Amino acid sequence: MLQRLSGQLPPWARYDHPVTRYELGTAQTLPRRAQFTRAAVTVVLGGLLLAGGYAIATDLFRKPPGQNLTESVLAVIFWPLLGMQIIMQIAALALTVNVVTEQKRRQTWDNLRSTAGGVNLTLRIRWAAVYYRLRGLLGVMLAARLLLILGILYDLTAFQGKYIDLLLNGITPEISPLAGALLLAFLMTASLLLPFTSLGLSAAAGLLFSVWIQQRTYSTLTLIVGIVLRTALAVGLLIGATQFVQGRLVLPDAAAWGLMGAFAAFSDWGLAFLNLGFFSEIWTVIPFGIFLGVTLLGFAVLQSALAEWVLALAVRLAEHSG
């Protein structure tokens with residue numbers, strides 16, 4: 001998929017760029033047996049994750065996973081996808097946090113800094129390579145979200161197309177069905193963008209840390225701290241959001257809105273909101289909750305701009321570092 005879109009990318013980010021191909025090590029083709037083994041392991045692990053997700057969704061096979069098809073699918077894939085998202089964030093940091101240390105170990109860093117554009121090209125290509133290396137997981141994320149979006153569109157046809165009118169009944173503020181559909185479209189767009197923008201920001205942050213901390217021991221410690229903090233953030237927001245939805249955590253409206261927004265932005269990347277039944281409950285419980293979708297879209301755009309700014313900062317600091 002990334003290769004098909006490469007025509008829209010700058011030259012340094014395209015798959016056919018010689019430095020990108022060198023970075024990805026495309027010359028080292030795995031033997032057919034190794035490819036088969038890796039594919040088999042991937043299928044087995046995927047099956048185990050789905051089985052685990054089904055067990056959690058059904059409370060160890062004691063109840064149905066959901067009240068309808070869309071809710072059931074999300075309940076089964078939610079936990080496997082959430083785990084994969086955390087792994088992707090950690091991988092993006094791990095793939096970039098030691099870039100400068102590696103170049104110094106190979107004794108190529110000084111040459112790169114003395115070459116016009118050498119540091120800029122190296123760091124940007126390492127950033128872009130994160131997407132190529134994690135393209136399999138990104139593909140799974142995108143496919144799952146598209147499946148859930150199709151489920152939302154199917155659900156909206158219920159009650160002769162009046163389902164959205166029922167969902168909007170009694171929410172604050174009162175809006176028309178057309179406006180509600182538009183806000184849902186913003187949410188669906190945000191849910192497709194967030195995996196890409198979140199990954200880009202994590203990779204850019206890893207490069208910035210790589211420039212700041214150029215000793216392998218300290219960069220490894222930075223990676224460990226980053227893993228702990230990122231995992232703790234995702235788990236903490238998940239616990240808080242779950243307790244609020246279950247009524248065990250009472251919050252003012254503004255705090256509840258902020259909690260659910262942070263949960264969607266930093267923990268599950270808008271995944272839970274792709275369950276229309278769940279998201280409509282948020283509209284009812286939290287005033288202005290229906291605007292969480294458009295807020296997430298704005299957050300994704302801001303995150304993309306921030307990733308570019310952090311990447312440019314890392315390049316500037318690297319070009320002037322000792």
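Right above here is the structure, for reference.
Quantities reported herein were computed from a predicted structural model and do not represent experimental measurements.

Draft legend 1. Quick peek at the environment of Lys104. The topology assignment puts Lys104 in helix 5 (residues 99-105). The class of Lys104 is partly exposed, set by a relative accessible area of 34%. With 110 residues separating them along the chain, Lys104 and Gln214 place their C-alpha atoms 8.6 Å apart.

Draft legend 2. Representation of the environment of Asp165 in the model. As for its placement among the helices and strands, Asp165 is situated in helix 10 (residues 163-168). Judged by relative accessible area, Asp165 falls into the partly exposed class, the value being 32%. Placed 11 residues apart in sequence, Asp165 and Ser176 show a C-alpha to C-alpha distance of 8.1 Å.

Draft legend 3. Summary view of helix 14 (residues 276-285). Listed in full, the buried residues belonging to helix 14 are Leu276, Phe278, Phe279, Ser280, Ile282 and Trp283. If you check the start of helix 14, you find a side-chain oxygen 3.1 Å away from the backbone N of Gly277, and it comes from Asn275.

Draft legend 4. Expanded view of the side chain of Ser72. For Ser72, the position within the fold is in helix 4 (residues 69-94). For Ser72, the residues in contact, after removing those within four places along its chain, are Pro65, Gly66 and Gln67.

Draft legend 5. Molecular detail of the nonpolar core. If you look at the biggest cluster of nonpolar residues, it comprises 78 residues, and the most contacted ones within it are Met260, Phe273 and Trp283. Take this core: its biggest share by element is 12 residues, from helix 11 (residues 177-212). The contacts of Met260, once residues within four sequence positions are left out, are Ala241, Phe244, Val245, Phe273, Phe278, Ile282, Ile286 and Leu292.

Draft legend 6. Up close: the pattern of salt bridges. Summed over all chains, the structure comprises 2 salt bridges. For Glu102, the salt bridge identified is with Arg126, shortest N-O distance 3.0 Å. Here Glu102, found in helix 5, pairs with Arg126, found in helix 7 (residues 118-133); they are 24 residues apart in sequence, far enough to count as distant. The class for Glu102 is buried, based on a relative accessible area of 18%. Taking relative accessible area as the criterion, Arg126 reaches 7% and is therefore assigned buried. Between Arg124 and Glu308 there is a salt bridge, with its nearest N and O atoms 3.2 Å apart. Separated by 184 residues along the polypeptide, Arg124 in helix 7 and Glu308 in helix 15 (residues 292-320) bring together distant segments of the chain. For Arg124, a relative accessible area of 12% puts it in the buried group.

Parameters at a glance
Just so you know, the residues in each chain are numbered from 1, in the order the chain's sequence is written. Under the rules for a predicted model, residues below a pLDDT of 70 receive no local features and side-chain atom pairs below 80 are neither given nor counted, while totals for whole chains, interfaces and linings still include all residues. Hydrogen atoms and water are omitted, and side-chain values are computed over all heavy atoms in the structure. Counting from the N terminus, the helices are the DSSP runs of H or I reaching at least four residues and the strands are the DSSP runs of E reaching at least two. Burial classification: accessible surface area is computed with a 1.4 Å probe over protein chains only, and a residue below 20% of its type maximum counts as buried, one above 50% as exposed, and the rest as partly exposed. Side-chain atoms alone can form a polar contact between residues adjacent in sequence; in general such a contact is a pair of N or O atoms within 3.5 Å, and within protein one must be able to donate a hydrogen while the other accepts it. Residue contacts follow a heavy-atom distance rule, with two residues in contact if any of their heavy atoms lie within 4.5 Å. What we call a nonpolar core is a set of buried Ala, Val, Leu, Ile, Met, Phe, Trp, Tyr and Cys residues that are connected through their side-chain atoms within 4.5 Å. In what follows, salt bridge is the name for a side-chain nitrogen of Lys or Arg lying within 4 Å of a carboxyl oxygen of Asp or Glu.

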